[in-house]
Amino acid sequence: MLLPLLLLISHLRPQASARAVELFQSGAQREAVALLEKELVERPGDGGLRGTLVECLMLRHRYRRALEVMRSDGGEASRGKALFFLARYDEALTFLDAGDPDEVLMLVDALEALGRMGESDQAVDRAREVLGEGHASVSILTGRRAARAGEHDAAILAYRRALAIDPVSQEALFGLGTSLVRSGARDEGRGVLEEHRRILPLLDRLEFAERSLQLNPAHAPNQAAVGDIQRALGRERQAEASYRRALEIATDDQLAPIVLRFSRFKVENDNDLDAAIELLRRGERRCGDVRLIVRQGDLFLSRERFEEAEAAFERALALRPGAPAILERIRKLKTRR
């Protein structure tokens, strides 16, 4: 199962070099790690510095190097996770914390990968205690356990519970579709599996976009790309949060495409024309991009608010005299009035 990414930048320890932390948070992560490595050579007994370097290495997926750096005075708490991500499951079992929400899921997966199904089933019960019955991962694990035992009706119920929490869980969709087919509900099962095939490339794109964002948290286009994929997956509120964050961190030259996408979201997903227009106007005031003015005209025209549409197009034409696309819009507007 795809485990949550451990994005812990906000928890970097204060003992670390302030400059390294600033670099890491701004996206210059290689430089930050190099600086922390240099500082650790100079101060090998600084446990906070060592722990921060381990966290940065883990965030960059440099698990082998993280293992080399960690010691009992810094970073040791990440040993189980690093071993797990390196597929060294047998070793990871010694260090994974069954009381930690992330690590208990790793524990289940590690035991299952080692073929220790009885212990894995027990770890599922432990995950339920730690995460609660209403957690999607608990329902997925319960479904997997039931499916292995051939109890497909129970598996179907568990996977449906997971999808009620996370409608685009690829593991829950695949498990549900498979269990439905095996229980005899072939048509419904095939439909669910078709949905699984539809969202799988979107989830792959989301993982790639989130990793790109992880490498450069201050890159607004990456943040907006996450919003685009969340929107395609039907996660509207997560998409909106990504667009808002992208606007917060965007430079003036990055702003217009993000505003255009967010305004489309407000119209098409929220049916909120006023919010879309306000986004476009704020963006126009900030960067003056003519595309934002033209989009205002298009939106007004779509609602037959002809005077406001014409005013927007004329304002755009003043910035781009003779622009064919704008002149064509004005022509079409006049034929519709």
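Residues numbered from 1 in each chain as written. Predicted model: local features only at pLDDT ≥ 70, side-chain atom pairs only at ≥ 80, totals over all residues. Heavy atoms only, no water.

**Looking at the overall build of the protein**
A tally of regular secondary structure across the protein gives 19 helices and 0 strands. Computed over C-alpha atoms, the radius of gyration of the protein comes to 25 Å, more than 25% over the 20 Å expected from 2.2 N^0.38 for 337 residues, which places it beyond the range of a compact globule. Taken along its principal axes, the extent of the C-alpha atoms in the protein is 75 × 65 × 25 Å. When the 337 residues of the protein are sorted by exposure, 48% land in the buried category. Contacts spanning at least 24 positions in sequence make up 47% of the contacts within the protein whose residues lie at least 6 apart. In the form shown here, the protein has an accessible surface area of approximately 16,700 Å², with 50% of it arising from carbon and sulfur atoms. (Helix = DSSP H or I, 4+ residues; strand = E, 2+ residues; numbered from the N terminus. Rg over C-alpha atoms; globule rule 2.2 N^0.38 Å. Buried < 20%, exposed > 50% of the residue type's maximum accessible area, 1.4 Å probe, protein only. Contact = heavy atoms within 4.5 Å. Areas by Shrake-Rupley, 256 points an atom, 1.4 Å probe, with all protein chains shown as cover.)

**With respect to the packing of helix α15 (residues 252-268) against helix α17 (residues 290-302)**
Contact geometry for α15 and α17: axes closest at 10 Å, N-to-C directions at 15 degrees. The pairing of α15 with α17 is recorded here as roughly parallel in orientation. α17 is crossed by α15, and the crossing has right-handed handedness. On α17, the residues that touch Ala256, Pro257, Val259, Leu260, Ser263, Arg264 and Val267 of α15 are Arg291, Leu292, Arg295 and Leu299. Here the contact of α15 with α17 is composed, by residue class, of 7 nonpolar, 1 polar and 3 charged. (Axes fitted to C-alpha atoms, helices over the stretch in contact; angles between N-to-C directions. Parallel < 35°, antiparallel > 145°, perpendicular 65-115°, else oblique. Left-handed = near helix turned anticlockwise from the far one by under 90°. Nonpolar A, V, L, I, M, F, W, Y, C, P; charged D, E, K, R; others polar.)

**Some details on helix α3 (residues 47-59)**
Taking 1.5 Å of rise per residue, 13 residues should cover 18 Å, and α3 covers 18 Å from first to last C-alpha, within 8% of that figure. Counting buried positions along α3 gives 13 out of 13 residues, so the element sits mostly inside the fold. Where α3 starts, the residue carrying a side-chain oxygen 3.2 Å from the main-chain nitrogen of Gly48 turns out to be Asp46. (Expected span 1.5 Å × (residues − 1). Polar contact = N/O pair within 3.5 Å; in protein donor to acceptor, adjacent residues only side chain to side chain.)

**Considerations on the pattern of salt bridges**
One pass over the full model with this rule turns up 45 salt bridges. Put simply, Glu236 and Arg237 hold a salt bridge, and the shortest N to O gap is 3.8 Å. A salt bridge links Glu328 to Arg331; its shortest N-O distance comes to 2.6 Å. One end of the pair, Glu328, and the other, Arg331, are both in helix α19 (residues 324-336), 3 residues apart, so they sit about a helical turn from each other. Take Glu328: its relative accessible area is 32%, and that puts it in the partly exposed class. In the salt-bridge network here, residues are joined through shared partners; they are Asp109, Glu112, Asp121, Arg144, Arg148 and Glu171. (Salt bridge = Lys/Arg side-chain N within 4 Å of Asp/Glu carboxyl O.)

**Topic: the packing of aromatic side chains**
All chains considered together, the criterion is met by 6 aromatic pairs. Plain terms: the ring middles of Phe262 and Phe265 are 6.2 Å apart, the flat faces sit at 40 degrees to each other, and that makes the pair tilted. Here Phe265 and Phe262 lie together in helix α15, a separation of 3 residues that amounts to about one turn. When its relative accessible area of 0% is taken as the criterion, Phe262 is described as buried. An aromatic cluster is built from Tyr63, Phe84, Phe85 and Tyr89, whose rings are joined through pairwise contacts. Above the plane of the ring of Phe95 lies Arg79, whose end atom (NZ or CZ) is 5.7 Å from the centre. (Phe/Tyr/Trp six-rings, centres within 6.5 Å; stacked < 30°, edge-to-face > 60°. Lys NZ or Arg CZ within 6 Å of the ring centre and 35° of its normal.)

**Some remarks on the packing of helix α18 (residues 306-319) against α19**
Running from N to C, α18 and α19 cross one another at 160 degrees; their axes reach a closest spacing of 10 Å. Here α18 lies roughly antiparallel to α19, going by the angle between them. Crossing of α18 against α19: the hand is left-handed. Here Phe306, Ala309, Glu310, Phe313, Glu314, Ala316 and Leu317 of α18 come into contact with α19, specifically with Ile326, Leu327, Arg329, Ile330, Leu333, Lys334 and Arg336. Of the residues that constitute the contact of α18 with α19, the class distribution is 9 nonpolar, no polar and 5 charged.

**Quick word on the environment of Phe85**
Looking at the element boundaries, Phe85 is found in helix α5 (residues 79-85). On the basis of relative accessibility, which here comes to 30%, the residue Phe85 falls in the partly exposed class. Sequence-wise, Phe85 and Tyr63 are 22 residues apart; in three dimensions their C-alpha atoms are separated by 7.3 Å.

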